[in-house]
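# Structural overview for review
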Amino acid sequence: MSKKGFIFDLDGVIVDTAKYHFLAWKKLANEIGIDFSIEQNEQLKGVSRVKSLEKILAWGNKEVSQDKFMELMAKKNTDYLDFIASMKEDEILPDVPKVLNHLIDKNQAIALGSASKNARNILRKVNLIEQFEVIVDGNDVTKAKPDPEVFLNAANSLKIKAKDCIVFEDSVAGVQAANKANMVSIGIGEKDVLHEASYVFKDFTEISVAFIEKLINE
Ligand code: B16
Ligand code: MG
């Protein structure tokens, strides 16, 4: 049996933390007099903390000093940490453990490739940290998605060639990053949004064992 590298994004793929990012950004934006909609939040998926704040300030036509920028980022993260403080295993998205366990049974290489600096903390909370052989997160990369750095690092640490890696991603930037890395991209979400992905599924309940076997063997 061949050994492939399976790289999972975190927010929106393993857990639905997008709702907590939204609440924390909305609180911050409103406090500084900027409107923030759920549609705008879509554009922040997979985008780093720095880039997210830059976008929000641009939408609100607001400029702030470097010190203020740092203060706003810290504030957003404090609120976000409050929202995720009580996260438990029941917030893991449906059938994610089933797919992870199947891959472990089949001796496949498994990594996390996330833009979040809180990724390890979240994996610990939901009790999935042991499932990942390699974790590459926002603390380990200099270039944010759609740059492929996060996934190439993960492949490198897994010692699996990029072309033998499969990435699960819920964001457009993440799918583009996987494609640039020359990996198979699997979009988790809506087909019309993630149309650049090699395959798209609404969630992991739509992914069959036969499909996983095909990924391993092709
Ligand atoms: P943090 P992912 C991304 O995680 C989120 O999708 C994005 O909304 C967030 O701004 C980014 O992480 C940074 O997160 O503020 O926790 O460092 O989807 O790449 O797992
Ligand atoms: Mg994501």
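Let me sum up the structure you'll find in this document. Sequence order as written defines the numbering, with residues in each chain counted from 1. Each chain is given a letter, starting from A, and each ligand a number, starting from 1, according to the order in which they appear as written. Owing to the predicted nature of the model, reporting of local features is limited to residues with pLDDT of at least 70; listing and counting of side-chain atom pairs is limited to 80 or more, with chain, interface and lining totals taken over all residues. As a rule here, side-chain values cover all heavy atoms of the structure and leave hydrogens and water aside.

## Brief notes about unusual backbone geometry
The test is simple: The secondary structure listing takes helices from DSSP runs of H or I that are at least 4 residues long and strands from runs of E that are at least 2 residues long, numbered from the N terminus. Between buried and exposed lies partly exposed: a residue is buried under 20% and exposed over 50% of the maximum accessible area for its type, with that area taken using a 1.4 Å probe on protein chains only.
Cis rather than trans, the peptide bond between lysine 145 and proline 146 has omega equal to 15°. Among the structural elements, proline 146 can be located in the loop between strand 3 (134–136) and helix 7 (149–158). Even without being glycine, asparagine 61 reaches a positive phi, approximately 55°. Inspection of the secondary structure puts asparagine 61 in the loop between helix 3 (49–59) and helix 4 (66–84). Given the relative accessible area of 75%, asparagine 61 is considered exposed. A positive phi is found at aspartate 95, a non-glycine position, where the angle reads about 70°. Mapped onto the secondary structure, aspartate 95 falls in the loop between helix 4 and helix 5 (96–105).

## Remarks on helix 7
This is how the line gets drawn: Two residues form a contact once any of their heavy atoms are found within 4.5 Å.
Of all the residues in helix 7, the buried ones are Glu149, Val150, Phe151, Ala154, Ala155 and Leu158. Elements that come into contact with the buried residues of helix 7 comprise strand 1 (5–8), strand 2 (109–113), strand 3, strand 4 (165–169) and helix 8 (172–180). Looking one or two places after helix 7, you find lysine 159, whose phi comes out positive at around 60°.

## Quick word on the site of ligand 1
The line we're drawing: A molecule or strand has a residue near it when one of that residue's heavy atoms lies within 4 Å. Any N or O atom pair separated by 3.5 Å or less is treated as a polar contact, with the protein-specific requirement of one donor-capable and one acceptor-capable atom, and with residues adjacent in sequence counted only for side-chain atom pairs. Three classes are used, and their members are as follows: Ala, Val, Leu, Ile, Met, Phe, Trp, Tyr, Cys and Pro are nonpolar, Asp, Glu, Lys and Arg are charged, and the others, Gly among them, are polar.
Looking at ligand 1, there are 18 residues lining it, with Ser114, Ala115, Ser116, Lys117 and Asn118 nearest. Arginine 49 places a polar side-chain atom, nitrogen or oxygen, 2.7 Å from an oxygen atom of ligand 1. Within the side chain of lysine 145, a nitrogen or oxygen atom sits 2.9 Å from an oxygen atom of ligand 1. Among the elements of the structure, helix 3 and helix 4 are those that each provide at least two residues to the shell around ligand 1. Each residue belonging to the shell around ligand 1 can be placed in one class, and the counts come to five nonpolar, six polar and seven charged.

## Section: the packing of aromatic side chains
Convention followed: Note on aromatic pairs: the rings of Phe, Tyr and Trp (six-membered ring only in Trp) are paired at centre separations within 6.5 Å, and the planes decide the class, stacked below 30 degrees, edge-to-face beyond 60, tilted for the rest.
This structure, assessed with the given rule, holds ten aromatic pairs. Here tyrosine 199 and phenylalanine 211 contribute two aromatic rings whose centre-to-centre distance is 4.9 Å and whose plane-to-plane angle is 75°, an arrangement assigned as edge-to-face. Here tyrosine 199, found in strand 6 (residues 199–201), pairs with phenylalanine 211, found in helix 9 (residues 209–217); they are twelve residues apart in sequence, far enough to count as distant. The exposure class assigned to tyrosine 199 is partly exposed, which follows from its relative accessible area of 24%. Measuring from centroid to centroid gives 5.0 Å for phenylalanine 201 and phenylalanine 211, while their planes differ by 65°, and the two rings are edge-to-face. In this pair, phenylalanine 201 is assigned in strand 6 and phenylalanine 211 in helix 9, connecting sequence segments ten residues apart.

## Let's talk about the environment of lysine 55
Relative to the helices and strands, lysine 55 resides in helix 3. Judged by its relative accessible area of 31%, lysine 55 falls in the partly exposed class. Distance from lysine 55 to glutamine 40, taken between C-alpha atoms, is 9.3 Å for residues 15 residues apart in sequence. Not counting chain neighbours up to four residues away, the residues in contact with lysine 55 comprise Gln43, Leu44 and Val47.

## A word on empty space enclosed by the protein
As a reminder of what qualifies: The pocket and cavity definitions rest on a 1 Å grid over protein atoms only: a 1.4 Å probe that fits but cannot leave marks a cavity, an open set with protein on both sides within 12 Å along at least five of seven lines marks a pocket, and residues lining either have an atom within 4 Å of a point. Grid points are joined across faces, edges and corners, and a volume is the space filled by probe spheres set on the points.
In the structure shown here, the tally under the stated rule is one cavity of 30 Å³ or more. Looking at the largest cavity, the residues that line it are Lys98, Val99, His102, Ile207, Ser208, Val209 and Ile212. Among the secondary structure elements, those contributing two or more residues to the lining of the largest cavity are helix 5 and helix 9. Sorting elements by how many residues they give to the lining of the largest cavity places helix 5 first, with three residues. Of the residues assigned to the lining of the largest cavity, the class counts are four nonpolar, two polar and one charged.

## Some thoughts on the coordination of the magnesium ion (ligand 2)
Filter applied, for reference: Here a donor is any nitrogen, oxygen or sulfur atom (N, O, S) within 2.8 Å of the metal, with 3.2 Å used for Na, K and Ca; water is not among the atoms considered, so some sites may look incomplete.
Note on the magnesium ion (ligand 2): its protein donors are Asp9 (OD), Asp11 (O) and Asp170 (OD). The metal-donor distances range over 2.0 to 2.1 Å. Summarised as a motif, the one-chain spacing of the donors to the magnesium ion (ligand 2) is D-x1-D-x158-D. For aspartate 9, a relative accessible area of 4% corresponds to the buried category. Aspartate 11 gets classed as buried once you look at its relative accessible area, which sits at 16%.

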